[in-house]
Amino acid sequence: MLAALIVPKFLKENRIFKANARDNALNRFKLLREELKEKGISLATEDIHPLGKAQLHIHHDINQTSLRESNKSNAAKILIVSESPIICPENHDSELRKSFHRILSWESNNHEKNTYWLGCGCSFTQEITQPQIYDRTRSEELCMIAGNKRSKDPNELYSTRDKAIDHFSNSTVDFSLFGVGWDQRQFQNIFRPLNRVRKARTIWHRPPKDFKGAISNKHEILRDFRFSLAFENAKTNNGYITEKLFDSMFSGCIPIYIGASDITDFVPENTFINANAYYKNGMSSLERMIQSIDETELQMMRGAILSFTHEFKKTTYFDATWAKSVAEHCIQTIQQTRQASTSQ
């Protein structure tokens, strides 16, 4: 059986299955491909397995052009919701969602009949249960790893990142910023087309003073820091939790987290610093909180993280468990659509 994976253009030609791409962040799809192969299903991106020939369509977030093409087929259709509403609002369009036989999503408050909860499927370059990850001495204080992005959505947290960068760049806390886009300006509104002109983005632009550049491996950076600012792209109250929190935790770096207000429904509260309430009082409160935590408290938190690793690997926040779960959903969806077709 052929299965088509619908992905953005830059991940087509099966590029999504290259495990080392984007700091190993897409390894879950490589593992999914292996799981499906064991079940007699060959998975490839839609340009290699055309939608007209594939009997299973797996949509990684909604692309309306591909969805219209997919709807011409009687194939089983699954939607994997990955992005937040500010990145991909189409994922949360009730009419568009009717096209799918099954939806796998992080939305903890969605009780639609065909919707099932799914974590983000994080990948790690090291075995996260090794105690030495959490025992090592750390020479650096605070970092942030994030891209320079903008949004007008009222739930965006990009502006909160900017406020944190401005504050900690001028504080007594030793701070370092890593990521892409900070060495270039971002044009908005009618000037947005200028983002395609490299010279316009760089001339006379000064990046934040603590900007250290782009990186190829987050864990190599995080393992040297005591704390990291782990801010989601958007604030939610229904479980939008991404790799930002877990990348930091499982590098032994304590995350200072802003994002999902229901975070403690999914992650033990003693494994990170929940700053969802702190930041509303300004970044100075975050700074005071960081300075109040001593090494004994940090070691207790790292110990709690180490204890959590075994439970974490059983959830779909972990790539191997994620792949097995999605593969099983694929088989169930295929069976259900066949049964429905036979009964008609």
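Our structure is the block above this text.
Since we're looking at a predicted model, the values are computed, not measured. (Residues numbered from 1 in each chain as written. Predicted model: local features only at pLDDT ≥ 70, side-chain atom pairs only at ≥ 80, totals over all residues. Heavy atoms only, no water.)

Some details on the sheet that holds strand E5 (residues 102-105)
- Pairing within the open sheet is parallel, and its 6 strands lie in the order E2-E1-E3-E4-E5-E6. Of all strands in the sheet, those with a lone pairing partner are strand E2 (42-45) and strand E6 (115-117), marking the two edges. Recorded for the sheet is a direction-independent mean angle of 20° between the axes of neighbouring strands.
- Here 4 bridges tie strand E1 (residues 2-6) to strand E3 (residues 56-60), and the two strands are oriented parallel to one another. What sits directly across from Ala4, in E3, is His57.
- Set on the sheet, helix H1 (residues 27-38) makes contact with E1, E2 and E3; between it and E3 the angle comes to about 170°. (Pairing = 2+ DSSP bridges. Helix = DSSP H or I, 4+ residues; strand = E, 2+ residues; numbered from the N terminus. Axes fitted to C-alpha atoms, helices over the stretch in contact; angles between N-to-C directions. Contact = heavy atoms within 4.5 Å.)

Observations concerning the packing of helix H5 (residues 158-168) against helix H9 (residues 283-292)
- At their nearest, the axes of H5 and H9 sit 10 Å apart, and the two run at 60° to each other. Taken together, the axis directions place H5 and H9 in an arrangement best described as oblique. Crossing handedness for the pair H5 and H9: right-handed. Mapping the contact onto sequence places Thr160, Lys163, Ala164, His167 and Phe168 in H5 and Met283, Ser284, Leu286, Glu287 and Ile290 in H9.
- Partitioning the contact of H5 with H9 into residue classes produces 5 nonpolar, 3 polar and 2 charged. (Parallel < 35°, antiparallel > 145°, perpendicular 65-115°, else oblique. Left-handed = near helix turned anticlockwise from the far one by under 90°. Nonpolar A, V, L, I, M, F, W, Y, C, P; charged D, E, K, R; others polar.)

What about the side chain of Thr242?
- Within the element layout of this structure, Thr242 appears in the loop between strand E9 (225-236) and helix H8 (243-249).
- Here the side chain of Thr242 touches Glu232 through a polar contact of 2.6 Å, side chain to side chain.
- Aside from chain neighbours lying at most four places away, what touches Thr242 is Cys120 and Glu232. (Polar contact = N/O pair within 3.5 Å; in protein donor to acceptor, adjacent residues only side chain to side chain.)

Considering helix H10 (residues 295-312)
- Taking 1.5 Å of rise per residue, 18 residues should cover 26 Å, and H10 covers 25 Å from first to last C-alpha, within 8% of that figure.
- Within the sequence span of H10, burial applies to Leu298, Met301, Arg302, Ala304, Ile305, Phe308, Thr309 and Phe312.
- Looking at the buried positions of H10, the neighbouring elements they touch are helix H4 (132-135), E9, H8, strand E10 (254-260) and strand E11 (273-274).
- Of the residues flanking the start of H10, the one acting as N-cap is Asp294, its side-chain oxygen 3.2 Å from the backbone nitrogen of Thr296. (Expected span 1.5 Å × (residues − 1). Buried < 20%, exposed > 50% of the residue type's maximum accessible area, 1.4 Å probe, protein only.)

What about the packing of aromatic side chains?
- Taken as a whole and assessed by the stated rule, the structure comprises 17 aromatic pairs.
- With a centroid separation of 6.2 Å and 85° between ring planes, the pair formed by Tyr257 and Phe272 is classed as edge-to-face. One end of the pair, Tyr257, is in strand E10; the other, Phe272, is in the loop between E10 and E11, and 15 residues separate them in sequence.
- Using a relative accessible area of 0% as the deciding quantity, one classes Tyr257 as buried.
- Feature note: the residues Trp117, Phe124, Phe246, Phe250, Phe266, Phe308, Phe312, Tyr317 and Phe318 constitute an aromatic cluster, connected by ring pairs.
- Lying over the aromatic face of Trp322, Arg28 brings its terminal NZ or CZ to 5.5 Å of the ring centre.
- The ring of Phe17 has Arg33 sitting right over it, with the charged end atom 4.5 Å from the ring centre. (Phe/Tyr/Trp six-rings, centres within 6.5 Å; stacked < 30°, edge-to-face > 60°. Lys NZ or Arg CZ within 6 Å of the ring centre and 35° of its normal.)

A few points about the pattern of salt bridges
- Evaluated as defined, the whole model comprises 16 salt bridges.
- We note a salt bridge from Lys324 to Glu35, for which the minimum N-O separation is 3.1 Å. Linking Lys324 in helix H11 (residues 319-343) with Glu35 in helix H1, this pair joins segments that are 289 residues apart in sequence.
- For Glu35, a relative accessible area of 16% gives the class buried.
- The closest approach of N and O atoms between Asp247 and Lys218, which form a salt bridge, is 2.6 Å. Here Asp247, found in helix H8, pairs with Lys218, found in helix H7 (residues 218-222); they are 29 residues apart in sequence, far enough to count as distant. Like Lys218, Asp247 is buried.
- Through salt bridges with shared partners, a single network forms among Glu141, Arg226, Glu295 and Arg302. (Salt bridge = Lys/Arg side-chain N within 4 Å of Asp/Glu carboxyl O.)

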